[in-house]
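Okay, here's what each chain looks like letter by letter:
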Amino acid sequence: MALPACAAPVLWPPLQPEREAPARTTCPRRHSRVEAELAESRPGSVAASVSADPPRGVSRGFNSQPRMHDLRRRWDLGSLCRALLTRGLAALGHSLKHVLGAIFSKIFGPLASVGNMDEKSNKLLLALVMLFLFAVIVLQYVCPGTECQLLRLQAFSSPMPDPYRSEDESSARFVPRYNFSRSDLLRKVDFDIKGDDLIVFLHIQKTGGTTFGRHLVRNIQLEQPCECRVGQKKCTCHRPGKRETWLFSRFSTGWSCGLHADWTELTSCVPAVVDGKRDAKLRPSRWRIFQILDATSKDRRGSPNTNPDANSPSSKKARNTSKSGKNFDYITILRDPVSRYLSEWRHVQRGATWKASLHVCDGRPPTSEELPSCYTGDDWSGCPLKEFMDCPYNLANNRQVRMLSDLTLVGCYNLSVMPEKQRNKVLLESAKSNLKHMAFFGLTEFQRKTQYLFEKTFNMNFISPFTQYNTTRASSVEINEEIQKRIEGLNFLDMELYSYAKDLFLQRYQFMRQKDHQDARRKRQEQRKFLKGRFLQTHFQSQGQVQSQNPSQNQSQNPNVNANQNVTQNLIQNLTQNLTQSSSQNSIQKENRESPKQNPGQEQSDSNTSNGTNDYIGSVEKWR
């Protein structure tokens, strides 16, 4: 199909235009296909000149014949689409008009008739229908499927969803398996960042400790935030007004006690490092670490102690307190044993060895006979999963139990000290005890709950919420049920410890949430009582002013006005006294909560305050 005649000069202007060119005829708006073909068939027409070859010396460029065919084809398709869209919309509006007319005629009968609707109402109805269809198309384009619709319905039905319940796949009704005391569930650490308290992070491999460690130095609200420079892993985390660190971790002090130091190494190394160096961010040499660990372990050499609670932080304060009086609050992160094992295997496949780990226990590292190597070369890169599981000396087996227990109780890495069954029992009980008495521990599978418990434990808030990553390298590994059973068998101690830790973690979370709800309810009740007292005080004062302005009239109308005035004045005095007492007691309670030492009579003062307020409100109600 040829273009209109008026379009030809625009596409291909003549090389030498004549001075006295005839006037250009107006181009009609629409041409039929027959008229266009006739125009092309005429020898002297402009359309024929467009389709003819260009003169000599002019190359086939923009005005070449294939390019013209493309433009014609595009113009034809655009016109056809516009025509189809216009006719389709008109037909849709016409059909909708008839359908709605039939519906209105059946429902309203003689009261309404769509057939008599004027042109303005028809256009309005068509515009509303088109707007609805456009909204549906946009919604399907932005959010296909039914997930967004269900989420929006849930958002309307529940205005304030619980972020801690939706961030993971845990069930809302948790059934505990272990019985813990209130002291085990309530975790409140009076962490004094300006004093001598120190947070020690025990980083277990492939448990998400790197992400949590970055949160501690980059995502926490502090009076003096950590200084993190671009290109450096370590940050400077000093106390406000001091050049001392408040955090002992990989991203603050480095591996000061060795690469991925375990419980046995940290509890022996950290107090000596902090006491020996005021600036704990300086990393001591490897020889200095051996000196420190050997000096702190001299008093423990000899026969192994089989009591798992002998070296726990709750039994010996020297385990978490240095000679200078510094308090050490140990924290760690645990992970599902199967996922952690597969993640470590993938990490070893990429060339990781952790050769720099010291494994110092009782003042010395293990010998090659006590801790043989699973590979002969520089690393174990590219090893298959079967070979990784077949090595009996693989430290990935039950790593979490070994790194959380006190290895001096079982003779360190010497397997000949006691039978294997007894050794496993002692290690598991020691790990459970140390984990329970830690200041805080979190779980990789519950990121938001981990954040919540850390904030409640240390009274320190994070800037941005934690993110739950459900897709990891371990989740991408496809294993069958047989391999999973074998991994669980190789990590049977870690499986038992994780079950214990998960139960304790969720019980602590539920306990803290209930405590927050109770505190919020108690605060609302106190506010309502205070507002009610203020209202009664204002009301009684206004009545007293009115009666004092008209004493003679009040005496003539009410002979008992003197008695009522006395009662009102007494109630006002009692009200003001109770309000001042309650405000002073609330301020005292707040000071006691902020002070590092808890007041043993705090609960008694709370009960006395509530009882006094209830008696006073009861007396006011009785008088009214």
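Quick notes on the rules
- Residues numbered from 1 in each chain as written.
- Predicted model: local features only at pLDDT ≥ 70, side-chain atom pairs only at ≥ 80, totals over all residues.
- Heavy atoms only, no water.
- Disulfide = S-S within 2.5 Å.
- Buried < 20%, exposed > 50% of the residue type's maximum accessible area, 1.4 Å probe, protein only.
- Helix = DSSP H or I, 4+ residues; strand = E, 2+ residues; numbered from the N terminus.
- Expected span 1.5 Å × (residues − 1).
- Bend = angle between axes of the 7 residues up to and from the residue.
- Polar contact = N/O pair within 3.5 Å; in protein donor to acceptor, adjacent residues only side chain to side chain.
- Salt bridge = Lys/Arg side-chain N within 4 Å of Asp/Glu carboxyl O.
- Pairing = 2+ DSSP bridges.
- Patch = residues over 30% accessible without salt bridge, like charges linked within 9 Å, V, L, I, M, F, W, Y side chains within 5 Å.
- Areas by Shrake-Rupley, 256 points an atom, 1.4 Å probe, with all protein chains shown as cover.
- pLDDT = per-residue confidence, 0-100.
- Contact = heavy atoms within 4.5 Å.
- Axes fitted to C-alpha atoms, helices over the stretch in contact; angles between N-to-C directions.
- Parallel < 35°, antiparallel > 145°, perpendicular 65-115°, else oblique.
- Nonpolar A, V, L, I, M, F, W, Y, C, P; charged D, E, K, R; others polar.

## Focus: the state of the cysteines
In a disulfide, the sulfur atoms of two cysteines are held together by a covalent bond. The tally for this structure, following the rule as stated, stands at 5 disulfides. Paired by a disulfide, Cys228 and Cys235 hold their sulfur atoms 2.1 Å apart. Across the S-S bond of Cys228 and Cys235 the torsion is about 115°, and the bridge reads as right-handed. With relative accessibility at 28%, the residue Cys228 sits in the partly exposed group. Two residues share a disulfide in this structure: Cys257 and Cys269, whose sulfurs sit 2.1 Å from each other. Residues Cys257 and Cys269 share a disulfide whose torsion about the S-S bond is about -90°; that sign makes it left-handed. With Cys257 in the loop between strand 2 (247-248) and helix 10 (263-276) and Cys269 in helix 10, the pair connects residues that are 12 residues apart, well separated along the chain. Neither residue differs from the other here; Cys257 and Cys269 are each classed as buried.

## Notes on helix 10
With 14 residues, helix 10 should reach 20 Å at 1.5 Å per residue; the first-to-last C-alpha distance of 20 Å fits that figure. Taking the largest bend as the criterion, helix 10 deviates by roughly 30°, centred on Cys269, and proline Pro271 comes between one and four positions later. Counting buried residues in helix 10 gives 12 out of 14 residues, a clear majority hidden from the surface. Inspection of helix 10 places Trp263, Thr264, Glu265, Leu266, Thr267, Ser268, Cys269, Val270, Pro271, Ala272, Val273 and Val274 among the buried residues, and these make up the whole buried set. Capping of helix 10 at its N-terminal end is provided by Asp262; its side-chain oxygen lies 3.4 Å from the backbone amide nitrogen of Thr264.

## Some thoughts on the pattern of salt bridges
Across all of its chains, the model carries 13 salt bridges by this definition. A salt bridge links Arg522 to Asp519, with the shortest nitrogen-to-oxygen separation between them at 3.0 Å. Taken together, the positions of Arg522 and Asp519, both in helix 18 (residues 492-549) and 3 residues apart, correspond to about one turn of that helix. A residue is classified by how much of its surface remains accessible, and Asp519, at 32% relative accessible area, is partly exposed.

## Concerning the pairing of strand 4 (residues 440-443)
Side chains Phe440 and Gly442 of strand 4 all project onto a buried face; the interleaved residues Phe441 and Leu443 project onto the opposite face, where all are buried too. Of the pairings in the sheet, the one linking strand 3 (residues 328-334) to strand 4 comprises 4 bridges and is parallel in character. Across the sheet, Ile333 pairs through a bridge with Gly442, a residue of strand 4.

## Some thoughts on the sheet that holds strand 4
Strand order in the open sheet formed by 4 strands is 2-1-3-4, and the pairing between neighbours is parallel. In this open sheet, the two strands that pair with only one neighbour each are strand 2 and strand 4. Relative to strand 2, strand 1 (residues 198-202) runs parallel, the two sharing 2 bridges. Its bridge partner being in strand 2, Val200 is matched across the sheet by Phe248.

## Topic: unusual backbone geometry
If you check the backbone angles, Asp362 has positive phi at about 60° while not being a glycine. If you trace the backbone, Asp362 turns up in the loop between helix 12 (337-349) and helix 13 (385-390). The residue Cys412 is not glycine, and still its phi comes out positive at about 60°. Turning to its location among the elements, Cys412 is positioned in the loop between helix 14 (399-404) and helix 15 (420-437). Overall, Cys412 belongs to the buried group, its relative accessible area being 8%.

## Remarks on a nonpolar patch on the surface
Residues Leu85, Leu89, Leu92, Phe132, Leu133 and Val136 make up a contiguous nonpolar surface patch of about 500 Å² in total accessible area. Breaking the nonpolar patch down by element, the ones donating at least two residues are helix 4 (65-108) and helix 5 (119-142). In this structure, Leu85 sits in helix 4.

## Details of the confidence of the model for the protein chain
Per-residue pLDDT for the protein chain averages 74, and the proportion of residues at 70 or more is 59%. Mean pLDDT values for the elements of the protein chain range from 44 in helix 1 (residues 8-11) up to 98 in helix 14. pLDDT under 50 marks residues 149-160. Its contacts with residues more than four places away, or in other chains, come to 3 contacts. Between residues 615-624, whose pLDDT stays under 50, and residues either more than four places distant or in other chains, the model counts 12 contacts.

## Here we look at the packing of helix 12 against helix 17 (residues 481-490)
Contact geometry of helix 12 with helix 17 gives a least axis separation of 10 Å together with a crossing angle of 95°. One finds that helix 12 runs roughly perpendicular with respect to helix 17. Together, Val338, Tyr341 and Leu342 of helix 12 and Ile487, Glu488 and Leu490 of helix 17 make up the contact between the two elements. For the contact of helix 12 with helix 17, a count of residues per class yields 5 nonpolar, no polar and 1 charged.

## Things to note about helix 16 (residues 447-458)
Compared with an ideal rise of 1.5 Å per residue, which puts 12 residues at 16 Å, helix 16 spans 17 Å between its outermost C-alpha atoms and is within 8% of the ideal. For helix 16, a buried count of 10 out of 12 residues is recorded, marking the element as mostly surrounded by other parts of the structure. When we look at burial in helix 16, the residues that qualify are Gln447, Lys449, Thr450, Gln451, Tyr452, Leu453, Phe454, Glu455, Thr457 and Phe458. Asn459 sits one or two residues past helix 16 and shows a positive phi near 55°.

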